[in-house]
Amino acid sequence: MINTLFSGDRPQSRILAAILILIGLALAFAPFLFPGTKPLDTAARICIFIVLVASYDLLLGYTGIVSFAHTMFFGIGAYGVAIALSVMGPGFSAIGVGVVAGTLVSAVLALAIGLFSLRVKAIFFAMVTLAVASAFAVLVSQMSGFTGGEDGLTYRIPRELTPAFRLADFRLFDVRLDGRLLAYYLVFFCALALFLAMLRIVNSPFGTTLKAVRDNAFRAEAIGYRVIWYRTTATVLSAAMASLAGALLAIWIRYTGPATTLSMEIMIDILLMVVIGGMGTMYGAVIGATLFILAQTYLQNLMGAAEQATEALPLVSVLLAPERWLLWLGVLFILSVYFFPDGVVGRLRRRG
Amino acid sequence: MQAGADGHDCLRYSTQLPEIRAVTREPPVLETENLTIRFGGHVAVDNVSCAFERGTLTAIVGPNGAGKTTYFNLVSGQLRASAGRVRLNGEDITRKGVAERCDRGIGRAFQLTNLFANLSVRENVRLVVQSRANRGFDIFSRASAHVELIERAEHVLAEVRLIDKRDMPVSALPHGDQRKLEVALMIALSPQVLMFDEPTAGMSVDEVPVILDLIRDLKKDRDRTILLVEHKMDVIRTLADRIIVLHNGALVADGEPGEVMCSPIVQEAYLGKAPEAASTEVVHG
Ligand SMILES: Nc1ncnc2c1ncn2[C@@H]1O[C@H](COP(=O)(O)OP(=O)(O)OP(=O)(O)O)[C@@H](O)[C@H]1O
Ligand SMILES: [Mg+2]
C-alpha cells in the first residue's frame, strides 16, 4: 500500500526517512501543532513550494533541462484562478474554471516553447524561456485592466474557505474548526496528491526514459526514443504542475500579483531549493522547500534576537541585523553546496 | 579463367556477386548505394555501394581513419549522407531519423562506449527492452511493476555474464564490463541488422570469448544480418562469411575471407600497415 503510494521510491537512508516523516506529520497536523496565523501560512507555503520545486526538479534534475520560465507557469496558474474569481465572483465553479484554463494555457505555451526550441542546444532553450518569461511579466503589468498590473488582484474566495465559515461550534484541541482550516487542508491534500503523482511519474517507464535522455540523449535516440518528444512532454508536465501549485497559492493568499508569482527572485529561490534538497531526487524538493521557507520566514526573527544578544559587540551586531538576512541566506547556500554537492538527500543517501 | 593483375581476384569477385545473388538468393536486407559523406573537402565515405543479406556476417576492415565508423553512422542515421542511398528491406531510409531506423530493426553497438552512466546496469538494459516494447510513454505505471521487461533485461545480462553486477551504477563498472554492456544494449533490441564496431577492443583476453560466442550464437539465428568492424584477423577468419575492405572511404575489396585476405590490395591497404594486428592477439579456436 505505502509502497504503491510512494511508487516504490524508497528514501534509501534512515535519517532521510525520519526527516521526511517528521515534515509530513508536521504539515499534516500543522493547524493543531502550531496555532496562529503565521505558522499556518508558513505551512501552507511549504506545501505549495514542495509541489513547485518538485515540478522544477522533474525538468532540471530528471530531464536535464534548464528553464527560467517556471515562475511564469506558476503565475499563469495563479492568475487563472485570480481572474476567474474576480470575474465570476467567489465560487467553486470559478476556481474550477480558473484551474482548468490556467493549466491549459501553461501546457499549450510549454508545448510551443518545447517544440520550437528543444531541438537545439540546451543554452538556447534556457535563453528562450528567459525571454518568454520576461515578455510575459511585461505583458501582465501592461494589461492592468485584466490582471491588475503591478498592484495585482485581490479577490474573494468561496465563503466555505474563509475564517467566517464555521464548520462546527466546538473546538478541537483548542483549534477553531473554521473555513481557514478547510482551506489549509485543501492545500495540503492537493499538494500531497500532486507530489505523489510526480513521484509516480519519475518512477514510471517514462521517468526512466527521462533519466536516460538526461544522461545520454545520443544513445537514447539510438535505442529508439524520440528525445525531442520526451523533453517536450516533460516540459509540458512540469509546466502544468507548476500551474496547479500557482492555483493553490492564489486560493490560499487571496491575492495574486507579479511579486508573489512571476518575479525572477522566486525563480532563483526555486533553483536554490532544488539544489539544496538534491537534484533528481523528488524528496529533495520536500527538504529544500521546507528548509528554505523556514529560513526565509524565521531567519529574520532569529537574527533580530541575535542582534540584541550581541549588542555589546559592535561589528557582530551589525552583521546580525535582520536586514542582513539575505546575506546569511547566501552564506548558508554556499556552505550547503560546498558540503553537500548532491544536496541534502544525496548526502544522506551516501551515508546510508 | 584468366587471373589478371594481382588483386583482381577480389575485384572480379565483387563484380560477380550481384549476378549470383539474382539467381540464387532473396533481396538484400540492407543496401547502400553510392553512399558518400564529405566533411568540408574530406571525403570520409566515398561512393560505397554494398548489399548485405539475411543470415550473413560481413567483416568490415580497413586502417584507422578508413571510414568504417563513419559508414556505420550513415547506416544507423547519426550522420546524414551527402549523396547516395541507404535501403532497408528495399525501402529507402536515407532521410529517416536515428530512432526510426532503430524501430525498423537497425541495431548499433558503438566503438566508444556510450552508456547511461548514472543508471544501474539493469536499468540500462531495461531501457532498451522498454523501448522495444514501446512503453516509453507509459507515465502512470511503476517501472518496477513491468516484471516481463525486467526479466527480459536480466536474461540479456546473463548472456553477457553481467548478471552479478546488475545493480551497480554503470560509472563504477570496469572498462571490459562496459564493453560487454555496450553489446548487451544492442542485443536487447533484438534487431534485424546488428552492427558491431570493434566490440572486443580494450577487453582482456579472457573476456573476448564471451563476446565472440555471443556473435556466433547470433549468427546461428539465420534471420539476422551482422556487420562487424574488427581488427583481429583470427576473429574475422573464424566468424566472417565475407570481408569488405574500406580504404580512404572507398570500398576497395569485397569477397570471401580467404580470397580477400590474400589479395595484394588488402596487403597494401590494410595488413601491410598493421601486420602485428593481423598476426598476434587471441589464440585460435
Ligand atoms: N564528424 C566528423 N567531422 C569531420 N571529420 C570526421 C568526422 N567523423 C569522421 N571524420 C573523419 O573521417 C575519417 C574516417 O573516420 P572513421 O572514424 O570513420 O574511421 P574508422 O575507419 O572508424 O577508424 P578507426 O579504425 O580508427 O575506428 C577520419 O579521417 C575522421 O577524422
Ligand atoms: Mg572506427
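Everything here concerns the structure above.
Rules behind the numbers
Residues numbered from 1 in each chain as written. Chains lettered and ligands numbered in written order. Predicted model: local features only at pLDDT ≥ 70, side-chain atom pairs only at ≥ 80, totals over all residues. Heavy atoms only, no water. Helix = DSSP H or I, 4+ residues; strand = E, 2+ residues; numbered from the N terminus. Rg over C-alpha atoms; globule rule 2.2 N^0.38 Å. Buried < 20%, exposed > 50% of the residue type's maximum accessible area, 1.4 Å probe, protein only. Contact = heavy atoms within 4.5 Å. Areas by Shrake-Rupley, 256 points an atom, 1.4 Å probe, with all protein chains shown as cover. Donors = N, O, S within 2.8 Å, 3.2 Å for Na, K, Ca; no water. Salt bridge = Lys/Arg side-chain N within 4 Å of Asp/Glu carboxyl O.

K.L.:
Which residues make up the overall build of chain A, and what values do they have?
P.N.:
What chain A contains, in helices and strands, is 18 helices and four strands. Relative to its length of 352 residues, chain A is compact, with a C-alpha radius of gyration of 21 Å against a globular reference of 20 Å. Considered along the principal axes of its C-alpha atoms, chain A spans approximately 60 × 55 × 45 Å. Looking at chain A as a whole, 54% of its 352 residues qualify as buried. At a minimum sequence separation of 6, the contacts of chain A that also span at least 24 residues come to 73%. Split by element, the accessible area of chain A, about 15,700 Å² in all, is 70% carbon and sulfur.

K.L.:
Can you explain the coordination of the magnesium ion (ligand 2)? Please cite residues and give values.
P.N.:
Residue and element names in this part refer to chain B. The magnesium ion (ligand 2) binds to the protein through Thr-69 (OG1) and Gln-111 (OE1), with metal-donor distances spanning 1.9 to 2.1 Å. Highlighted residues: Thr-69 in helix 2 (residues 68-76) and Gln-111 in the loop between strand 6 (106-109) and helix 4 (121-132), separated in sequence by 42 residues. Classification of Thr-69 by relative accessible area gives partly exposed; the value is 26%.

K.L.:
Tell me about the environment of Met-186 of chain B, residues and numbers included.
P.N.:
Residues and elements named next belong to chain B. Take Met-186: it is sitting in helix 6 (residues 175-189). Judged by its relative accessible area of 1%, Met-186 falls in the buried class. Along the primary structure Met-186 and Ala-109 are separated by 77 residues, whereas in three dimensions their C-alpha atoms are 5.8 Å apart.

K.L.:
Outline the pattern of salt bridges, listing residues and values.
P.N.:
Evaluated as defined, the whole model comprises 25 salt bridges over all chains. In this structure, Arg-349 of chain A and Asp-9 of chain A form a salt bridge, with 3.9 Å as the shortest nitrogen-oxygen distance. Separated by 340 residues along the polypeptide, Arg-349 of chain A in helix 18 (residues 343-351) and Asp-9 of chain A in the loop between helix 1 (2-5) and helix 2 (14-28) bring together distant segments of the chain. Between Glu-31 of chain B and Arg-87 of chain B there is a salt bridge; the shortest N-O distance is 3.8 Å. Here Glu-31 of chain B, found in strand 1 (residues 30-39), pairs with Arg-87 of chain B, found in strand 4 (residues 83-88); they are 56 residues apart in sequence, far enough to count as distant.

K.L.:
I'd like to hear about helix 2 of chain B, residue by residue, with values.
P.N.:
Burial runs high along helix 2 of chain B: eight of the nine residues are buried. In the stretch just after helix 2 of chain B, Gly-77 of chain B is the one whose phi turns positive, near 100°.

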